[in-house]
Amino acid sequence: MGYRKELAREVGGEVHAFELLTEAEAREMIELFHTARANEARALRRAIDALLAEMPSTLRTMARKIIFGS
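Residues numbered from 1 in each chain as written. Predicted model: local features only at pLDDT ≥ 70, side-chain atom pairs only at ≥ 80, totals over all residues. Heavy atoms only, no water.

### A word on the overall build of the protein chain
- Of the regular secondary structure elements, the protein chain holds three helices and zero strands.
- The C-alpha atoms of the protein chain give 19 Å as radius of gyration, which overshoots the globular expectation for 70 residues (11 Å, by more than 25%).
- Principal-axis analysis of the C-alpha atoms gives the protein chain an extent of 55 × 20 × 20 Å.
- For the protein chain, the proportion of its 70 residues judged to be buried stands at 11%. (Helix = DSSP H or I, 4+ residues; strand = E, 2+ residues; numbered from the N terminus. Rg over C-alpha atoms; globule rule 2.2 N^0.38 Å. Buried < 20%, exposed > 50% of the residue type's maximum accessible area, 1.4 Å probe, protein only.)

### Thoughts on helix α2 (residues 23-54)
- With 32 residues, α2 should cover 46 Å at 1.5 Å per step; its first-to-last C-alpha distance of 47 Å lies within 8% of that length.
- Along α2, the residues that are buried comprise Ala-26, Ile-30, Ile-48 and Leu-52.
- Buried residues along α2 sit in contact with α1 (3-11) and α3 (57-68). (Expected span 1.5 Å × (residues − 1). Contact = heavy atoms within 4.5 Å.)

As structure tokens, this is what we get:
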């Protein structure tokens, strides 16, 4: 599979500028997208953990259920 097609799928559609990228450049862009998503998920988990840590313990369990579901 071509990296340019995978990159188009990552961003949700065709972008004409992707045709100007080499396969190596497209692969690097995909890796950057994956790294950014992983960093974002990690930062969100840290923020939620920090928020829950500041809550009184009596509310913490209920807040977890609201945030993450049963």
